[in-house]
Amino acid sequence: MSKKKLMLLGGLSYLIPVIETAHKLGIHVITVDYLPDNTAHKYSDEYHNVNIVDIDAVLQLARELQIDGIMSFAVDPGVITAAYVAEKMNLPFQCSFENACILQDKSLFRKFLKDNKFNTPKALSFSKEEDALNNVDDFSWPIIVKPVDSAGSKGVTKVEEKSMLPEAIKRALDKSFSGKFIVEEFLDIVGFQSSADCFTINGHLDYCTFSDQIFDRNIANPFVPIAEIYPSTMDMHYQNALKGDLQRLFDLLKVKDGIYNIESRVCSNGKVYIMEVSPRGGGNMLAKLQDMAANQNLIENEVRKAVGLELKPMCNPLYDGVWASFALYTSNTGYYDSIRMNSVIKELNVKATFINVQKEDAVHTFTGANSCLGDVLLRCNDREEMDELVYGSSNWLNIIVKSNTRD
């Protein structure tokens, strides 16, 4: 009997746990992107050099290879392509291609939420700076400007006054695939924003969780998270309200089986907001962390779903201690040398380390997920201990970046 074939779009290290899981299930893994040196290609069974945003080229390749499933796990630019190929080849996917397009476009998603009476920030989308400048006077300041189709906090700016808008628009357009950006009201968060991977089976939200997303306001892009901590400190009243809203959203979208990366928050007006829902696993090894922390099967079930295998039962997680995915990043530009950790912390609290770079690779100041050097998965007995590690990382973690390769 021939092996099932799974196509993975992208080649970042976030795909390694997916590839390893697929191999354990006896699945042949094909990775695809236009960067042959990407890490994941070293772990897959075969690699093809095709741009993952070229939906017709990927579809042609998928048909030639007669794949059984396709995923764009933790790779936002490939989600639309994966949905398109799945629909054209009648392969499993979380939702229809049409609804994937809604979820992946921030302006379309905001409109969908508004039309269906969900809480959502006031938002307008534009493709030209002039149109935005002429239509933002009704907003209360500050506002947020970001690309409609980019993830990982790339191109996001908080704008305090109108004179700052042109530069923010330029930054957003530089990171937009479609040449569009969105302007939306700034929401005052209570507590922490959440970013977590959830899973539906037969359209029902069987696995749902929330996190505390941690930011470093002193880095170049203060909107890129440096850590995700589980379990969340969000009040259960708000967690239950979000679960209800998410289930209603999934009912409206007629979703099927699969993983979703979901961002949500509670605001000072007492309302809960679904900010983003993407039909893919999240970055920063979130699914890997959640599986380790609660002994569940997010990654395995997503692989099983993709190739049509029976899913394992899932339920809302109960965490063994306090866990975090901590981003490895630098505020310097130069060449990566090494990462050094306190030996006691490494022994007691570090449960896994994933490095995206090699010695002497060029590295840049942390402005988005694409400049992350890797991730450390941490476990502590309580939240106080975890906060000491996350907020005091300089006490146990040293990332060495040199000014040139000869230093």
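To start, this report covers the structure provided alongside it. (Residues numbered from 1 in each chain as written. Predicted model: local features only at pLDDT ≥ 70, side-chain atom pairs only at ≥ 80, totals over all residues. Heavy atoms only, no water.)

### Some words on the sheet that holds strand E5 (residues 123–126)
Move 1: Judged by pairing direction, the sheet is antiparallel, and its 4 strands sit side by side in the order E5-E8-E6-E7 without closing on themselves. Pairing within the sheet leaves two strands with one partner each, and these edge strands are E5 and strand E7 (157–159). Adjacent strand axes in the sheet meet at a mean angle of 25°, parallel and antiparallel pairs treated alike.
Move 2: Helix H5 (residues 106–115) rests against E5, strand E6 (143–147) and strand E8 (181–185) of the sheet, and its axis sits at about 40° to E8.
Move 3: Where helix H7 (residues 165–174) meets the sheet, it contacts E6, E7 and E8, and its direction lies at approximately 30° from that of E6. (Pairing = 2+ DSSP bridges. Helix = DSSP H or I, 4+ residues; strand = E, 2+ residues; numbered from the N terminus. Axes fitted to C-alpha atoms, helices over the stretch in contact; angles between N-to-C directions. Contact = heavy atoms within 4.5 Å.)

### What to know about the packing of aromatic side chains
Aromatic ring pairs are reported here in terms of the distance separating the ring centres and the angle at which the planes meet.
Move 1: In the structure shown here, the tally under the stated rule is 7 aromatic pairs.
Move 2: Where Phe326 meets Tyr329, the ring centres are 6.4 Å apart and the plane angle is 45°; that geometry is what we call tilted. No difference in accessibility class separates Phe326 from Tyr329, as the two residues are buried.
Move 3: Between Phe326 and Trp396 the ring centres are 6.2 Å apart and the planes differ by 55°, which places this aromatic pair in the tilted class. Placement of Phe326 in strand E15 (residues 322–328) and of Trp396 in the loop between helix H12 (383–391) and strand E20 (397–402) is noted, with a sequence separation of 70 residues between them.
Move 4: For Trp396, a relative accessible area of 5% gives the class buried.
Move 5: Cluster of aromatic residues (ring-pair linked, three or more members): Phe326, Tyr329, Phe366 and Trp396.
Move 6: The ring of Phe139 carries Lys122 above its face, with NZ or CZ at 4.6 Å from the centroid.
Move 7: Over the ring of Phe186 we find Lys158; its NZ or CZ atom is 4.2 Å from the centre of that ring. (Phe/Tyr/Trp six-rings, centres within 6.5 Å; stacked < 30°, edge-to-face > 60°. Buried < 20%, exposed > 50% of the residue type's maximum accessible area, 1.4 Å probe, protein only. Lys NZ or Arg CZ within 6 Å of the ring centre and 35° of its normal.)

### Quick notes on H12
Move 1: Within H12, burial applies to Arg383, Met386, Leu389 and Val390. Along the long axis of H12, the arc covered by the buried residues comes to 120°, so they all point the same way. Of the exposed residues in H12, those oriented more than 90 degrees away from the buried face are Glu384, Glu388 and Tyr391.
Move 2: Buried residues along H12 sit against strand E11 (212–215), strand E12 (225–230), E15, helix H11 (343–348) and strand E19 (374–380).
Move 3: Residue Asp382 occupies the N-cap position of H12, its side-chain oxygen lying 3.3 Å from the main-chain nitrogen of Glu384. (Arc of directions from axis to C-beta. Polar contact = N/O pair within 3.5 Å; in protein donor to acceptor, adjacent residues only side chain to side chain.)

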